[in-house]
Amino acid sequence: MGFFRQVKDSFTNFESYSEFAIQKRGKTFKYLVLLFTLTFLIGGLRFVFDFKAGAAGVRETVEQQIPEFRLENGELIVLGEQPIILGDDGHTVMIIDTTGQTQESVLNDYTEGVLVLRNRLITKQDYQQKEIMFANFKEISYNKEDLIGLMPLLKWLLVFIAVFAYIFKLVWVFITVLILAAIGLILNSSEKSELKFENLLNMAVYAFTLPWLIEMLKNLAYPALPMFWVIKWGLAVYILYRGIKAAKPPLLNEEPPDSSGDIVI
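Here the structure is a predicted model, which is why all the values come from computation and not from measurement.

Visitor: Just to check I follow, could you spell out unusual backbone geometry for this structure?
Guide: Apart from glycine, the bulk of residues carry a negative phi angle, and the bulk of peptide bonds sit in the trans form. Between Gln82 and Pro83 the backbone carries a cis peptide bond, its omega angle lying at 5°. If you trace the backbone, Pro83 turns up in the loop between β2 (75-78) and β3 (84-86). Positive phi, normally seen in glycine, also occurs at Asn73, with a value near 55°. Summarising the element assignment, Asn73 is placed in the loop between β1 (69-72) and β2. For Asn73, a relative accessible area of 61% corresponds to the exposed category. A positive phi angle, close to 55°, is found at Met227, a residue other than glycine. By the secondary structure assignment, Met227 is in the loop between α8 (209-221) and α9 (228-246). With a relative accessible area of 53%, Met227 lands in the exposed category.

Visitor: Where do I start with the layout of surface pockets in this structure?
Guide: If you roll a probe as big as a water molecule over the atoms, it shows you where there is empty space left. Approximately 680 Å³ is the volume attributed to the largest pocket. What lines the largest pocket is a set of 27 residues, and nearest its centre among them are Phe40, Gly43, Gly44, Lys169 and Asn219. The biggest single contributor to the lining of the largest pocket is helix α6 (residues 154-190), with 8 residues. A per-class count over the lining of the largest pocket returns 17 nonpolar, 5 polar and 5 charged.

Visitor: Even after reading the chapter, I still don't get the nonpolar core, so can you show me in this structure?
Guide: Most often, soluble globular proteins keep nonpolar side chains buried together rather than apart. Ranked by internal contacts, the top residues of the largest apolar core, which has 34 residues, are Tyr17, Leu180 and Met203. Looking at this core, the elements with two or more residues in it are α1 (3-12), α2 (17-22), α3 (25-43), α6, α7 (197-207) and α9. Filtering out sequence-adjacent residues up to four positions away, Met203 remains in contact with Tyr17, Ala21, Leu195, Leu240, Gly243, Ile244 and Ala247.

Visitor: What's the story with the pairing of strand β5 (residues 112-116) in this structure? I'm lost.
Guide: Relative to β5, strand β4 (residues 92-96) runs parallel, the two sharing 5 bridges. Looking at β5, one finds that Thr92 is bridged to Glu112. Here 4 bridges tie β5 to strand β6 (residues 120-125), and the two strands are oriented antiparallel to one another. Of the residues in β6, the one forming a bridge with Val116 is Leu121.

Visitor: Help me understand the sheet that holds strand β8 (residues 142-143), please; the structure alone is not making it clear to me.
Guide: Whether parallel or antiparallel, the strands of a sheet pair through hydrogen bonds between backbone atoms. Across the sheet, 3 strands lie side by side as β2-β1-β8; this open sheet has antiparallel pairing. Each having just a single partner strand, β2 and β8 make up the two edges of the open sheet. Judged from the 2 bridges that link them, β1 and β8 form a sheet pairing that is antiparallel. Its bridge partner being in β8, Leu71 is matched across the sheet by Tyr142.

About the criteria used
- Residues numbered from 1 in each chain as written.
- Predicted model: local features only at pLDDT ≥ 70, side-chain atom pairs only at ≥ 80, totals over all residues.
- Heavy atoms only, no water.
- Helix = DSSP H or I, 4+ residues; strand = E, 2+ residues; numbered from the N terminus.
- Buried < 20%, exposed > 50% of the residue type's maximum accessible area, 1.4 Å probe, protein only.
- 1 Å grid on protein atoms, 1.4 Å probe; cavity = no way out; pocket = protein on both sides within 12 Å on 5 of 7 lines; lining within 4 Å.
- Points joined across faces, edges and corners; volume = space filled by probe spheres on them.
- Nonpolar A, V, L, I, M, F, W, Y, C, P; charged D, E, K, R; others polar.
- Core = buried A, V, L, I, M, F, W, Y, C linked by side-chain atoms within 4.5 Å.
- Contact = heavy atoms within 4.5 Å.
- Pairing = 2+ DSSP bridges.

Put into structure tokens, the structure is as follows:
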């Protein structure tokens, strides 16, 4: 049975679960990885576009709003009129002033903020302040051109995030399949079926197919959809239940009718 045929049958033909239940685990694993990879890549398109737009926005902010500066000998020198105030919304703020006219008490009016002075950087988060002394970086010489030169590295950050997200989500997918298979044991008992856990594990992969496809569309159209996990798990449990009811126990002692053992796309 080809890959796309399996995708279709997983939620349109519950009788196919009698075959899914007894197929080799290697074939189920291939199906799981291939399906996950496709939904991950397609569902991640919005994140990629948003990340690129954000990276372009960061570069534009650095080039147009960040003044010329130079950090050397443990002191920061900023050119232009100061103080420079960025992102002041009443709760958070970033202030740059190396002239000595602005005091650190200016952060008292904000919940979170960053104050850049000539000899130190002060950060405030949840009313807690921390200081970074530029004297600790006397060996470092840095300016705006150096900062702009780091912008191309953002694309490698995207690659790192993508690889990490792929591995993390794939591991989580395996865990969710195990959880669904465990729920399947309860459903299996209620139906007085003779399916084993390894059969339910195979079936759980296919029961998650439609929820994963819907999740992919959700990530593209409306990533912040609330309580989506209820829909996802409810649908997966329902499909698994239908699959258990439709499974044919006599087939469990037979080889699945698939001579190749491979998934054909």
